[in-house]
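# Structural features, examined
Here's the letter readout for the chains.
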Amino acid sequence: MTVRAKGFYEKFERKDGNDRTTHYCAGCGHGIIHKLIAEAIADLDIQDDTVFVNPVGCASFCYYYIDCGHVAGPHGRAAAVATGLSRVLPNKIIIAYQGDGDLGAIGFNNAFQAANRGEHFAHFFINNALYAMTGGQMAPTTLPGQKTATTPYGRDVVKTGEPLKVSEIFNQLERPVYIERESVADTKRIMQARKAIRKALQIQKEGKGYAFVEFLSPCPTNMHLDPIKAAQFITEEMERVFPLGCFRDRSEEEPASCQEIPRRSLEEIVSADYESEQNADLSHVKERLYKLSGFGGQGILSLGLVIADAASLMGRHVSWFPSYGPEQRGGSASCSVVISGKEIGSPIIDHPDVLIAMNQPSLEKFLPTVKKEGVVIYEASIPFEPQAKDNIQIVKFPAIKIAADNGVPKAANTAMLGCMTELGLLDIPEREIRNALERSFASKPKLIESNMRVFDAAKEYTRQRLRKNRPSD
Ligand SMILES: Cc1ncc(C[n+]2csc(CCOP(=O)(O)OP(=O)(O)O)c2C)c(N)n1
Ligand code: SF4
């Protein structure tokens with residue numbers, strides 16, 4: 001039986017299929033680097049205290065293998081996620097792991113700013129000179145003349161710039177404590193890489209600050225080379241552009257150069273910053289679940305944000321959970337808002353108390369999910385008469401017409417907000433709702449007045465025509 005390296009899971013049970021092998025191709029540098037990190041975590045006895053931020057790229061699945069805490073960041077955002085984690089978990093070891101597409105392209109500014117602030121985490125940067133996971137496109141680190149899927153005639157530096165030397169760039173910054181570039185192309189180099197990983201993690205263990213290690217790493221599959229030739233490419237071609245070595249090691253200096261970032265535990269932050277809210281008695285606040293839905297472009301997500309904003313400034317616990325993607329291009333969009341007097345377990349709503357449906361597909365989709373005695377407000381122009389059951393109250397409301405009649409056809413979401421307010425569905429003083437609506441137009445102040453007009457007209461319509469149905473009465 002194969003014996004796993006220390007720090008790896010005994011079996012890769014999170015991985016579908018074969019739980020004995022990794023998903024990496026033969027000769028891939030990621031597997032080597034994972035092993036070095038896993039062993040270092042175990043040897044430094046920090047396994048139970050380590051949180052690993054996974055990238056998007058071939059290494060998205062680090063969490064299959066390395067036995068420690070894991071968080072998956074969005075593409076390019078590992079350094080931002082690591083910043084948040086290291087600030088609220090000051091006694092933990094945080095590792096951000098990123099490829100050269102993830103760190104050098106979409107996430108460069110995140111990474112650069114974290115290095116510039118000297119955040120307390122170990123930052124491992126895997127430079128294989130291309131985007132591997134997506135099929136071998138040019139990365140910022142692609143060598144001049146290197147052929148990739150998007151540079152079939154070789155990278156033309158006149159058109160696309162020179163390879164980004166991230167270690168050299170970070171070395172211009174004041175606050176990083178340690179910066180080193182190594183390679184995993186052969187055993188001698190792997191031993192240097194091993195040392196660099198241990199150093200970066202030791203710096204974390206001692207709470208000294210930001211440590212960055214870049215690895216030149218083979219990707220035989222997308223380099224279209226066998227593993228031996230891919231390793232040669234690293235040593236003979238990549239090292240010429242990206243020389244190996246330690247750029248900086250200030251770990252033995254007095255703490256002055258390892259400047260301390262104010263870090264407070266989550267508990268401290270909650271008790272200091274939200275003391276008044278903490279002390280406020282919220283036991284009377286009933287949890288309410290709102291599902292807001294319609295076409296992408298109807299302002300559904302913004303409507304949810306206004307409600308969430310108003311409730312959060314009232315000291316309520318709030319979550320806002322959008323669902324979009326292809327829906328933004330004309331399909332259905334929705335968001336879930338939870339307002340509660342106690343901490344919220346999950347932002348996902350299966351059975352809302354209140355459903356706002358601005359189009360027919362959303363009405364048909366979410367109506368069957370509404371709780372008994374819940375409320376549904378649907379856009380009056382939808383050519384569909386929902387049938388009430390389970391004591392669900394159904395309100396037909398001409399949001400689009402009211403918005404258009406008041407000169408802002410796009411403000412049907414604001415009209416819905418007016419209706420919800422007047423029907424007492426929000427349990428938030430109207431003043432706070434108006435403030436939140438106004439804040440939502442902070443970058444477009446010209447729209448405040450017209451939206452207030454729509455809000456008032458919607459309230460007036462509701463008072464005159466629907467108020468007798470006020471669900472909370
Ligand atoms: C927002 C976003 N844009 C683009 C993508 C597509 N994408 C997935 S991985 C990746 C680049 C991966 O390259 P790299 O960071 O170098 O990692 P590697 O796969 O080489 O290890 C891209 C562009 C995505 N998932 N999300
Ligand atoms: S495609 Fe390249 S980087 Fe991705 S697993 Fe295979 S060898 Fe590794």
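The structure displayed is predicted, hence computed values, not measured ones. (Residues numbered from 1 in each chain as written. Chains lettered and ligands numbered in written order. Predicted model: local features only at pLDDT ≥ 70, side-chain atom pairs only at ≥ 80, totals over all residues. Heavy atoms only, no water.)

### Some words on the packing of aromatic side chains
What counts is decided by this rule: Ring pairs shown here join Phe, Tyr and Trp side chains whose ring centres sit within 6.5 Å, with only the six-membered ring taken for Trp; geometry is labelled stacked below 30 degrees between planes, edge-to-face above 60, and tilted in between. Each residue's exposure class comes from its accessible area (1.4 Å probe, protein chains only) as a fraction of the maximum for that residue type: buried when under 20%, exposed when over 50%, partly exposed otherwise. A ring is scored as having a charge over it whenever the NZ atom of a lysine or the CZ atom of an arginine sits within 6 Å of its centre and within 35 degrees of its normal.
Counted under the stated rule, the structure contains 17 aromatic pairs. Ring geometry for Tyr63 against Tyr64: centres 5.3 Å apart, planes inclined by 75 degrees, an arrangement best described as edge-to-face. You can call Tyr63 partly exposed: its relative accessible area is 26%. Considering the side-chain rings of Tyr210 and Phe212, the 6.5 Å spacing of their centres and the 20 degrees angle between planes classify their relative orientation as stacked. Residue Tyr210 shares its accessibility class with Phe212, and that shared class is buried. Taken together, the ring pairs in this structure connect Phe8, Phe12, Tyr24, Phe61, Tyr63, Tyr64 and Tyr65 into an aromatic cluster. Here the guanidinium or amino end of Arg4 rests over the ring plane of Phe12, the centre of that ring lying 4.0 Å away.

### Section: the site of ligand 1
To keep it simple, the criterion reads: We call a residue near a molecule or strand as soon as one heavy atom of that residue lies within 4 Å of the molecule or strand. Polar contacts, as counted here, are pairs of nitrogen or oxygen atoms within 3.5 Å of one another; within protein the pair requires one atom able to donate a hydrogen and one able to accept it, and residues that are adjacent in sequence qualify only if both atoms are side-chain atoms. Runs of H or I in DSSP of at least four residues are treated as helices and runs of E of at least two as strands, each being numbered from the N terminus. For this classification, Asp, Glu, Lys and Arg are treated as charged, while Ala, Val, Leu, Ile, Met, Phe, Trp, Tyr, Cys and Pro are nonpolar and the rest, including Gly, are polar.
Of all residues adjacent to ligand 1, which total 16 residues, the nearest are His30, Cys58, Asp100, Gly101 and Asp102. Asp100 has a polar side-chain atom sitting 2.6 Å from an oxygen atom of ligand 1. With respect to ligand 1, the backbone of Asp102 contributes an N or O atom lying 2.7 Å from an oxygen atom. Looking at the shell around ligand 1, the elements that each hand over two or more residues are α3 (100-106) and β5 (130-131). Ranked by residues supplied to the shell around ligand 1, first place goes to α3 with four residues. Of the residues contributing to the shell around ligand 1, the split by class is seven nonpolar, seven polar and two charged.

### Looking at the site of ligand 2
What surrounds ligand 2 is the set Tyr24, Cys25, Cys28, His30, Cys58, Asn128, Ala132, Cys219, Pro220, Thr221 and Asn222. If one sorts the elements of the shell around ligand 2 by residue count, helix α8 (residues 220-223) sits on top with three residues.

### Observations concerning the sheet that holds strand β14 (residues 375-379)
Our working definition: For two strands to pair, DSSP has to find at least two bridges joining them. Axis angles are defined between N-to-C directions and span 0 to 180 degrees, where every axis is a line fitted to C-alpha atoms and, for a helix, only to the segment in contact. We call two residues in contact whenever any of their non-hydrogen atoms come within 4.5 Å of each other.
If you walk across this open sheet you meet the six strands as β11-β12-β10-β13-β14-β15, and the pairing is mixed. Looking at which strands have only one partner, the edges of the open sheet turn out to be β11 (317-323) and β15 (393-397). Along the sheet, successive strands turn relative to each other by an average axial angle of 15 degrees, direction set aside. As paired elements, strand β13 (residues 354-357) and β14 share four bridges and run parallel to each other. By the bridge assignment for β14, Leu355 is matched with Val376. Relative to strand β12 (residues 332-340), helix α12 (residues 300-313) is tilted by about 10 degrees, and along the sheet it contacts β10 (288-295), β11 and β12. Running at roughly 150 degrees to β14, helix α15 (residues 412-422) makes contact with β10, β13, β14 and β15 of the sheet.

### Here's the deal with the environment of Asn116
For Asn116, the position within the fold is in helix α4 (residues 108-117). For Asn116 and Leu466, which are 350 residues apart along the polypeptide, the C-alpha to C-alpha distance reads 57 Å. When sequence neighbours within four positions are dropped, the list of residues in contact with Asn116 reads Leu173 and Arg175.

### Details of the sheet that holds strand β3 (residues 93-99)
The seven strands are arranged β2-β1-β3-β4-β8-β7-β9 in an open sheet whose pairing can be described as mixed. Lying at the two open borders of the sheet, with one neighbouring strand each, are β2 (69-72) and β9 (245-249). Here the strands of the sheet are splayed against their neighbours by 15 degrees on average, with no regard to which way each runs. As paired elements, β3 and strand β4 (residues 122-127) share five bridges and run parallel to each other. Following the sheet pairing, Ala96 is matched in β4 by His123. Contacts from helix α7 (residues 187-205) reach β3, β4, β7 (178-183), β8 (211-216) and β9 within the one sheet, and its direction differs from that of β7 by about 155 degrees.

### Concerning helix α16 (residues 430-440)
Along an α-helix, residues three or four positions apart point the same way, because every turn accommodates 3.6 residues. The line we're drawing: The directions considered for the arc are those from the helix axis to the C-beta atoms.
Every buried residue belonging to α16 is among Glu432, Ile433, Ala436 and Leu437, and all of these are buried. Buried residues along α16 cover an arc of 140 degrees about the axis, so they all sit on one side. Looking at the buried residues of α16, the elements they touch are α12, α15 and α17 (446-466).

### Concerning the nonpolar core
We count it as follows: For this analysis, a nonpolar core means a set of buried residues of the types Ala, Val, Leu, Ile, Met, Phe, Trp, Tyr and Cys, connected via side-chain atoms within 4.5 Å.
Ranked by internal contacts, the top residues of the largest apolar core, which has 45 residues, are Leu292, Ile307, Ile377, Phe397, Leu417 and Met420. In terms of residue count, the dominant contributor to this core is α12 (eight residues). When sequence neighbours within four positions are dropped, the list of residues in contact with Met420 reads Tyr290, Leu292, Ile307, Val354, Ile356, Ile377, Leu425 and Leu426. Of all hydrophobic cores here, the second largest spans 40 residues; its members include Leu36, Leu44, Cys68 and Tyr97.

### Section: the confidence of the model for the chain
Any residue range with low pLDDT should be treated as having predicted coordinates unsuitable for detailed reading. This is how it is decided: The quantity called pLDDT is the predictor's confidence in a given residue, expressed from 0 to 100.
Per-residue confidence for the chain gives a mean pLDDT of 91, with 92% of residues at or over 70. Note on residues 274-278: pLDDT under 50 across the span, and four contacts to partners over four residues away in sequence or across chains.

### Some details on the side chain of Ser340
On the secondary structure map, Ser340 appears in strand β12. Overall, Ser340 belongs to the buried group, its relative accessible area being 1%. In this structure the side chain of Ser340 is engaged in a polar contact, spanning 3.0 Å, whose partner is the backbone oxygen of Lys342. If sequence neighbours within four positions are ignored, Ser340 has contacts with Val285, Glu287, Arg316 and His317.

### A word on the domain arrangement of the chain
In plain terms, the rule: An automatic or database domain assignment provides the domain bounds reported here.
What the domain assignment lists for the chain is domain 1 (29-257) and domain 2 (281-469). Each of domain 1 and domain 2 has a C-alpha centre, and these two points are 44 Å apart.

### Thoughts on unusual backbone geometry
For Ala129, which is not a glycine, the phi torsion comes out positive at approximately 65 degrees. Here Ala129 is to be found in the loop between β4 and β5. Even without a glycine there, the phi angle at Glu373 is positive, about 60 degrees. Positionally, Glu373 belongs in the loop between α13 (360-366) and β14.

### Looking at the pairing of β7
Consecutive side chains of a regular strand alternate in pointing toward one face of the sheet and then the other. Note the threshold: Here, the term right-handed applies to a crossover whose path from the first strand over the helix to the second runs clockwise when the strands point away from the viewer.
With six of six residues buried, β7 lies mostly within the body of the structure. The two faces of β7 match: Tyr178, Glu180 and Glu182 on one face and Ile179, Arg181 and Ser183 on the other face are all buried. Pairing of β7 with β8, which is carried by six bridges, proceeds in the parallel orientation. Residue pairing in the sheet places Glu180 in a bridge with Val213 of β8. Crossover β7 to β8 through α7 is right-handed. With four bridges joining them, β7 and β9 adopt antiparallel strand pairing. Of the residues in β9, the one forming a bridge with Ile179 is Arg248.

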